Each structure stands twice: as C-alpha cells, then as structure tokens.
Amino acid sequence: MKLQSLSYAHKTLPLKFIYSPKTTYLRTIQACFPRQDLKNRTVAIVGLGKSGKAAARLALARGASVIGIDQNENLGLLEQDPSFMELAHTGLRTILGCFDRKLLNEADLVVVSPGVPLENYGLLSLLQSGKLVMSELDFAAEVLPKSFRILAVTGSNGKSTVVTFAGQMLSHFGVDTFVGGNLGNPLSEVAFQCFKLPSEECKLKATVVEVSSYQMEIPCQYFCPSVAVVLNLTPDHLERHKTMLSYAATKCRLFSHMTNARLGLLSFGNQHLDEAVRKYWNKFNRAWIGAFPGVKIDMETKIASFEVPDIGIASQLQLGGMRAIGKHNYYNAAVAALSVAGLDVGADVEAINSTIEKLRAPPHRMQIVCKDIHGVTWVDDSKATNTEATYAGLMGMTGQKSVVLLGGLAKVLNGQASNGFEQLIEPLNSHRCVVIFGSSGNLIHDTLSGNGLSIPCIQASNLKDAVKHARKMAQHGDAIVLSPGCASFDEFRNFEHRGMVFQELAMSS
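In this text the structure is predicted, and so the values were computed from the model without any measurement.

Undergrad: Requested: an account of the sheet that holds strand S5 (residues 133–135), with residues and values cited.
TA: A sheet is described by the order of its strands in space; here five strands give the open sequence S3-S2-S1-S4-S5, paired in parallel fashion. In this open sheet, the two edge strands, each paired with only one partner strand, are strand S3 (92–96) and S5. The sheet shows a mean angle of 20° between the axes of neighbouring strands, direction not considered. The sheet contact formed by strand S1 (residues 42–46) and strand S4 (residues 109–112) spans four bridges and is parallel. What sits directly across from Ala-44, in S4, is Val-110.

Next comes the structure, spelled out in structure tokens:
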C-alpha cells in the first residue's frame, strides 16, 4: 500500500514529568497527522514488545503524550528506536524496570499488550476501579475504517494456519487484505498505516486477525468482527486462565460485539464452549465445525460440505489437491473457506475451489524442511506447543514411519503433571521410535513408558542431542518429525527459534 506524506501545523503539548528508574526526558517534534483525537491526553502503554511498540506509535499519531512502561530493564528505549523518529508526538517517555504506579492512575488511558497478565502492574485493580483500560487489539480497532470486513480467528490450535489460508484465498481474489494480529504484525500496525491516510485512500477491504485468549482478557468495545471463529478448545494457558470454563469464556468474547451478524463459527460438541457462548446466541448466525449448519468433511473422499442456510451457503469444496501435510489441514482449509465466504466480499465457496492447490501453511506447522541424502524427510512442527497439536500432526502422518521428537517445557493441565501425553501413545505406536528431550523429558518418558508405549523411547539432553539420536534411528523412507507437545522456553526464545535451530540441524545432515 502506497503511503502519502502529510504535513500539518506544528503542535506542542505539555506532559508532567515524574522521575522513575531508567527513564528519558521528553522530546518535542512536529505533528503531521490530521486526526489528533487523543490530543491533550496521556496514554500509558504497558508492555513494550511488538504489540506495545505498535500501540505506542498509533497513540503518538493520534496526538497523545505517551509513556511506555515495561519491567524488563534490558529492553531498548522507544526514544532511540528508529521507527519512532518520523512520528508526530509532543511527548514520549520510556520507563523500564521499577516505576511509580501513580503513572497508570494519572494516565487518561492505559493500553495493555497481550503478553502482560492483568495481575501485573496493578492492572486488575485499575479495571475494577473503572479506569479506562484497553487491550492493544481494541485500541487499534477504534480507529480502523468502518468499511473494513474483519475475520477474527481464535482457538487453542490451528489459528495461524486458518488465518494464513484465509489471507491467501482473499489475495487470490484480489481483495486487499491485512493478515496479522497475534500472527505477525499487530493490528495497531495496520491501524497506524490507515491513520496516516485520508480514509478514501486506504485500499484495504478486509482484515484477517489471529486472536489469542490473552488479547481478549480485557473486554472489547471496538473490535467488531463480521465473521468470528473459535476453532477448538483444549487445555492450554491454564496457568493464566486457571479453569477451562474461564478459558472458554475469554475465547467466546470474540462473539460479543459482532458487526453485521454475518457468521459465528465454533467447534461442535465442546461442553465449555457451549456454556460460554450461550449468552451471545442472538448476536450472530451460528454455524459449527463438524456439524450442520456449518461444515463437515468426508475424509475418504476429501470433500468438505457446507450448509449454512442463514447466510445462503450450500456448497462443496474439493480438498484432494491440498499440498499442506496432515489431515487436520483439511479442516483448516475448509474453515478458512467458509469464513471467507461469510465475509461477503465476492468470494464464494465454489470459486474458492481454485485456491486449494495453492495454499501454503505458515512456517513451523508440519513444514517439510528437506529430504536428506539418506532418503529421510525432515518435518518441522515446532508450533505444536501442546499435546493436542502434536496429536493432530501425528494423525496426519498415517502411513509414514517417523522418528518423533517430543519435549521441552510441559504445560500445566488442571494440576495433572502428565499434561495429557498418554493420549499420544496410540498414534506413536505406529511409528519408528520416540526421542524425548528438554526439561520435561523425564516426565514425558515416564508417562509414555508407564501407559503402554510399544516402540523405543530414547532420552536426550537437549534438541541437538535428540536430533543426533534421531539420525541413528531413522531408516530410508522415514521422516524425522519435531512435534514437541511442549513450550520451548526451557531452551529457546520461542517456538520459532526452536524450529529454526531444528531446521539448521536438519540441513547440516
């Protein structure tokens, strides 16, 4: 999207200075944005990761004085970030480490990054006191053009793939689309870009947003999808949400403020989702994943059938031409297709058939890395950070003997230390062997060995050691699959870092 530079009168706004550790003094530069709706207001941005930085840029563009706060003293100062140099702002201050909580109390608005729990920084008490506290997602949505069609996707597993597929489908039909949210670019980034332009010059027509449960902890007022999807709900992030019902209720807030009431799509037969979504029934046209009205898939014929009478959809989608690995990707593609059709932007299900062969899953989701000189295929499924995602990946490898790498930091599951690894035993027993690694290696080994695993189970100290053992065990025609079923933070920065290290090890064979 081509951006036009704008020039407006110089403005200067006051900002009270309060001393706090590792802070910088205020700077004043030129204002160059036409709609300064936050002029003379102070916005505190809590959490200065990718989303927080994007929200800070947007707040400055809207004329606010901005205080960026993060307890991590090792982060860089926003004032020294090159991406902030062009901005119209009258005051920008970064506070890292300890800070005076009066700053939050005195701010006109507090914007919270998704990585920050509400228990931190006194945010929960601020919310309960009636203070204006917003999520980064809602803060961005407040200034998006009202003509945007928003497709929002959440769920425990598969979000990124469905969002990616939907974006690729819309791109195929020439619909200018932003794809991001929890995946890649924050929503505040596209809001900032649109904010810089007169509304008639913004070419975007649709926004496909991956939404995490963290982004929905603070109820939204402005984030209003035309199509909302809850793919599934399995135990995850319970260290933050505490119970499955609370987790479900947070996910289902996606349906609370829908626009045009086009389509709400959710997993069929999930007790927690059924209970949590009940209060929103009258806000959208309901459809199911796995039942009618909604979408069902015949795995033998590889045909998805759609029946949603409320919005006039009755069609089929041929999935046999898909190149993405794994049968779970049939559902990912089918849900993406129904969601895109529900947006009503000129792409119907029958036309979407032409896109199926072109769909490409995002990195680290059953991604084929290479086939080595020994005839072994290496598959990176590092995004499988819980056992349900690993189960789906393994079920998609039916008929392909594999050496499966499991391990990392097992997630909390209702106080059960096993975290569900016993459910992997049945699909694992059809494979070559399992290699266990990481901080939860002993736990995983004991769970599998004590519940009927019949193939070899080898323990390794870390991922590099696990790959070394996998090479020895794999035979010609096998696959070596990293599908850990665990978080990555015991050894890596994130699942992407883990996947990249695995790919480097695979390519060095």
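Undergrad: Pulling in residues and values, what's your account of the packing of helix H5 (residues 159–172) against helix H10 (residues 328–343)?
TA: Between two packed helices, what matters for the description is the angle formed by their axes and the separation of those axes. Axis separation between H5 and H10 bottoms out at 8 Å; the angle between their running directions is 50°. When the interaxial angle is binned, H5 and H10 end up oblique. Classified by chirality, the crossing of H10 by H5 is right-handed. Contacts between H5 and H10 involve Thr-161, Val-162, Phe-165, Ala-166, Met-169 and Leu-170 on the former and, on the latter, Asn-329, Asn-332, Ala-333, Val-335, Ala-336, Ala-337, Val-340 and Leu-343. When its residues are assigned to classes, the contact of H5 with H10 shows 11 nonpolar, three polar and no charged.

Undergrad: Before we move on, could you go through the pattern of salt bridges and cite the residues and values that matter?
TA: Here the structure, examined in full by the defined rule, presents five salt bridges. Among the salt bridges present, the one from Asp-478 reaches Arg-432, with a minimum N-O distance of 2.9 Å. Taken together, the positions of Asp-478 in the loop between helix H15 (463–473) and strand S20 (479–482) and Arg-432 in the loop between helix H13 (425–428) and strand S18 (433–437) put the pair 46 residues apart, joining distant regions of the chain. For Asp-478, a relative accessible area of 2% gives the class buried. Arg-432 sits in the partly exposed class, given a relative accessible area of 24%. Among the charged side chains, a network of salt bridges with common partners joins Asp-37, Arg-62 and Glu-142.

Undergrad: Break down the side chain of Lys-251 for me, with residues and values.
TA: Considering the arrangement of structural elements, one finds Lys-251 in helix H8 (residues 244–252). For Lys-251, the side chain forms a polar contact with the main-chain oxygen of Gly-155, separated by 3.1 Å. If we ignore the near neighbours within four places in the chain, the residues touching Lys-251 are Thr-154, Gly-155, Ser-156, Lys-159, Val-211, Ser-212, Ser-213, Val-230 and Leu-233.

Undergrad: Describe the packing of H15 against helix H16 (residues 495–507), naming the residues involved and giving the relevant values.
TA: Running from amino to carboxyl end, H15 crosses H16 at an angle of 40°, the nearest separation of the two axes being 10 Å. Our classification of the angle between H15 and H16 gives oblique. At the point where H15 passes H16, the crossing takes the right-handed sense. Counted together, Leu-463, Lys-464, Val-467 and Arg-471 of H15 and Arg-498, Val-501, Phe-502, Leu-505 and Ala-506 of H16 form the full contact between these two elements.

Undergrad: Describe the sheet that holds strand S16 (residues 377–380), and please don't skip the residues or the numbers.
TA: Across a sheet, paired strands are connected by hydrogen bonds in the backbone, their directions being either parallel or antiparallel. The mixed open sheet is built from six strands, whose spatial order is S15-S16-S20-S17-S18-S19. Edge strands, defined here as strands with exactly one partner in the open sheet, are strand S15 (367–371) and strand S19 (457–459). With strand direction ignored, the average angle separating the axes of adjacent strands in the sheet is 20°. Each of S15, S16, strand S17 (402–407) and S20 is contacted by H16, which is oriented at about 15° to S15, the strand it contacts most.

Undergrad: Describe the environment of Ala-337, and please don't skip the residues or the numbers.
TA: Here Ala-337 lies in helix H10. In the structure, Ala-337 is positioned 14 residues away from Ala-351 in sequence and 9.8 Å away in space, judged by C-alpha atoms. What Ala-337 contacts, discounting residues up to four positions off in sequence, is Met-169, Phe-306, Leu-317, Val-349 and Ile-352.

Rules of the game
Residues numbered from 1 in each chain as written. Predicted model: local features only at pLDDT ≥ 70, side-chain atom pairs only at ≥ 80, totals over all residues. Heavy atoms only, no water. Pairing = 2+ DSSP bridges. Helix = DSSP H or I, 4+ residues; strand = E, 2+ residues; numbered from the N terminus. Axes fitted to C-alpha atoms, helices over the stretch in contact; angles between N-to-C directions. Parallel < 35°, antiparallel > 145°, perpendicular 65-115°, else oblique. Left-handed = near helix turned anticlockwise from the far one by under 90°. Contact = heavy atoms within 4.5 Å. Nonpolar A, V, L, I, M, F, W, Y, C, P; charged D, E, K, R; others polar. Salt bridge = Lys/Arg side-chain N within 4 Å of Asp/Glu carboxyl O. Buried < 20%, exposed > 50% of the residue type's maximum accessible area, 1.4 Å probe, protein only. Polar contact = N/O pair within 3.5 Å; in protein donor to acceptor, adjacent residues only side chain to side chain.

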